[in-house]
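Here's the letter readout for the chains.
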Amino acid sequence: MAIAKPLKFDTLVQQLKYRVLKEVAADYWDGTLEEKKEGIPKLISPGPKAAFRCCVYKERAIAARRVTLAMGGDKSNPNMLEVIEEACDQCPFGGMEVTDLCRGCLAHRCAQACRLNAISFLPDHRASIDKTKCVNCGMCAKSCSFGAIVNRRRPCESACKINAVKPREDGITSIDEEKCTRCGQCSYACPFGAIVDKSFILDCIDIIKGSDSGKAYKTYMIVAPSISSQFHYATLPQVVSGIKALGFTDVVEAALGADLVALNEAKDLSEEGDCTSSCCPAFVRYVETSFPELKGKISRNLSPMAAIAKYLKSIDPNCKTVFCGPCIAKKMEAKRPEVSPFVDCVITFEELQALIDARGIVLAELEGKPLDNASYFGRIFARSGGLSDAVRQALKEQEIDFEVKPVQCSGLDQCKMALTKYKAGRLDGNFIEGMACPNGCIGGPSCLTHEVRDAADVDKYGHESKETTIKEAVASAMADPKIASID
């Protein structure tokens with residue numbers, strides 16, 4: 001029998017994660033989480049006949065770990081990603097392997113392609129790979145006319161473009177803390193949901209509850225511009241109404257922060273002559289950990305999230321700010337000392353969906369509230385190339401005589417190539433726009449859907465802005481009593 005496709009998510013793994021988050025959020029909101037916590041694994045795990053692994057008891061052990069991660073995970077682990085070891089036992093990890101398709105041909109192109117002499121031949125002339133010599137370069141596979149050699153890499157390992165994800169000797173996946181950028185692509189790639197990001201959904205509920213309990217502070221959700229490609233079953237104004245129904249005072253676009261960043265980025269670039277972007281926290285960490293000699297070339301500007309949160313806090317120091325987007329690395333960024341004073345909590349689109357449903361809010365039935373804080377250029381930060389376009393526009397609007405020559409990188413593999421050239425002085429450009437996720441933020445690991453991530457949708461959302469220039473958007477937003485006159 002065919003499995004029905006989830007209504008709101010790409011995969012059943014996302015659907016399972018959502019079910020956990022929804023149950024945890026609903027019980028925490030009602031104050032019954034501690035007494036119900038032990039029962040949640042049974043509620044969300046399949047029955048004995050539907051268990052994927054050896055028994056339903058292992059399924060419940062895995063579900064219990066998912067509940068722990070939904071409640072914040074291991075506080076002693078600085079990474080925002082954790083491996084559920086009980087769920088990570090079904091993937092091969094043999095590297096390059098010769099399959100039964102090998103015909104024992106006479107050409108032996110595979111052996112000729114191997115520079116390490118790792119390939120020999122059995123008595124029946126079939127190829128054999130010496131694992132002690134093989135470095136999994138893949139040249140043998142490319143040379144084989146039959147496609148008989150394959151790389152048995154795990155999906156999570158293939159998704160990580162900087163080799164931070166590797167299997168241990170016992171077969172369980174491990175994450176190299178020194179290399180990991182927290183981009184989260186391994187998390188989305190895992191077909192068993194064995195790599196999960198820590199959730200701060202309980203912290204978000206605490207912030208909302210504190211506001212409701214008379215603690216005299218206002219709460220603002222800052223939404224990433226990539227929200228335009230999410231919640232496809234409702235309109236964006238209805239999503240805004242849903243966020244307010246949760247208890248938030250108002251919703252502000254991170255794209256307005258992007259407008260502020262674009263203006264400052266243009267000035268800094270013209271003064272420095274060359275630099276890299278600072279908007280993507282996974283890219284920033286990648287530069288810091290893998291290209292430390294280029295740390296000084298990272299833009300001095302805060303990210304759009306931090307920039308608009310800082311502005312809100314400058315007007316009302318007592319307000320609470322919660323950022324919502326598709327990014328796991330933003331959870332890491334919020335912990336950085338230069339950002340933590342301004343951003344109180346970070347949740348993902350997946351977690352926002354769980355919060356909304358935990359409260360029984362039906363978005364499609366709500367009357368929409370408009371969201372119009374930013375310019376077209378601030379909103380297109382969500383896609384690869386958007387920041388470069390915004391910087392070019394900001395130079396023009398500020399009448400700065402400087403020609404920006406951007407190198408747009410979508411995914412850490414492209415970032416690696418650009419940074420290597422930059423380090424060697426061979427980069428054909430003066431500004432690296434680095435985004436860790438494919439296609440930019442619309443390819444973030446915590447999107448509700450990765451199937452609808454067309455840059456045209458982002459541009460369409462951008463064109464809906466009533467402001468035609470970056471300066472106009474900033475001036476208009478600062479004059480808006482909802483933003484500029486927080487009391």
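This one's a predicted model, so the numbers in the text were calculated from it and none came from an experiment. (Residues numbered from 1 in each chain as written. Predicted model: local features only at pLDDT ≥ 70, side-chain atom pairs only at ≥ 80, totals over all residues. Heavy atoms only, no water.)

## Quick word on the overall build of the protein
Consideration 1: The secondary structure content of the protein amounts to 21 helices and 15 strands.
Consideration 2: Its C-alpha atoms give the protein principal-axis dimensions of about 85 × 65 × 40 Å.
Consideration 3: Within the protein, the fraction of its 487 residues that count as buried is 54%.
Consideration 4: Once the 63 positive and 64 negative side-chain charges of the protein are each reduced to a mean point, those two points are 5 Å apart. (Helix = DSSP H or I, 4+ residues; strand = E, 2+ residues; numbered from the N terminus. Buried < 20%, exposed > 50% of the residue type's maximum accessible area, 1.4 Å probe, protein only. Lys, Arg positive; Asp, Glu negative; His and termini not counted. Charge placed at Lys NZ, Arg CZ, Asp CG, Glu CD.)

## Some details on helix α17 (residues 386-397)
Consideration 1: With 12 residues, α17 extends 16 Å between its outermost C-alpha atoms, agreeing within 8% with the 16 Å of an ideal straight helix rising 1.5 Å per residue.
Consideration 2: Of all the 12 residues making up α17, nine are buried; the element is thus mostly covered by neighbouring parts of the structure.
Consideration 3: Those residues of α17 not exposed but buried are Gly 386, Leu 387, Ser 388, Ala 390, Val 391, Gln 393, Ala 394, Leu 395 and Glu 397.
Consideration 4: Positive phi appears at Glu 399, one or two residues downstream of α17, with a value of about 55 degrees. (Expected span 1.5 Å × (residues − 1).)

## Describing the environment of Gly 440
Consideration 1: As for its position among the elements, Gly 440 is in the loop between β15 (431-435) and α19 (455-463).
Consideration 2: Residues Gly 440 and Ser 229, 211 residues apart in the sequence, show an inter-C-alpha distance of 12 Å.
Consideration 3: Those residues in contact with Gly 440 that sit more than four places away from it in its chain are Ala 382, Ser 384, Ser 410 and Met 435. (Contact = heavy atoms within 4.5 Å.)

## Considering the sheet that holds strand β11 (residues 275-276)
Consideration 1: Taken in spatial order, the three strands of this open sheet run β11-β15-β14, and their pairing is parallel. Both edges of this open sheet fall to β11 and β14 (406-410), since each of them pairs with a single strand only.
Consideration 2: Sheet analysis places β14 next to β15, joined by five bridges and oriented parallel. Among the inter-strand pairings, Cys 409 is bridged to a residue of β15, identified as Gly 434.
Consideration 3: Strands in contact with helix α18 (residues 412-424) are β11, β14 and β15; relative to β14, the strand with the most contacts, it is inclined by about 145 degrees. (Pairing = 2+ DSSP bridges. Axes fitted to C-alpha atoms, helices over the stretch in contact; angles between N-to-C directions.)

## Re the packing of aromatic side chains
Consideration 1: Under the criterion given, the structure shown has four aromatic pairs.
Consideration 2: Between Lys 209 and the ring centre of Tyr 28, over which it is positioned, the NZ or CZ distance is 5.4 Å. (Phe/Tyr/Trp six-rings, centres within 6.5 Å; stacked < 30°, edge-to-face > 60°. Lys NZ or Arg CZ within 6 Å of the ring centre and 35° of its normal.)

## Some words on the confidence of the model for the protein
Consideration 1: Overall, the prediction assigns the protein a mean pLDDT of 89, with 93% of residues at 70 or greater.
Consideration 2: Highest mean pLDDT in the protein belongs to strand β13 (residues 345-348) (98); lowest belongs to helix α21 (residues 481-484) (54).
Consideration 3: When the criterion is pLDDT under 50, residues 1-6 qualifies, and its contacts beyond four places in sequence or with other chains add up to seven contacts. (pLDDT = per-residue confidence, 0-100.)

## Some details on the packing of helix α1 (residues 12-30) against helix α15 (residues 349-358)
Consideration 1: Closest axis-to-axis distance for the α1/α15 pair is 8 Å, and the angle between their directions is 50 degrees. In terms of orientation, α1 and α15 fall into the oblique class. Where α1 crosses over α15, the handedness of that crossing is right-handed. Of the residues in α15, those touching α1 at Gln 14, Lys 17, Tyr 18, Leu 21, Lys 22, Ala 25, Ala 26 and Trp 29 are Glu 350, Glu 351, Gln 353, Ala 354, Leu 355, Asp 357 and Ala 358. (Parallel < 35°, antiparallel > 145°, perpendicular 65-115°, else oblique. Left-handed = near helix turned anticlockwise from the far one by under 90°.)

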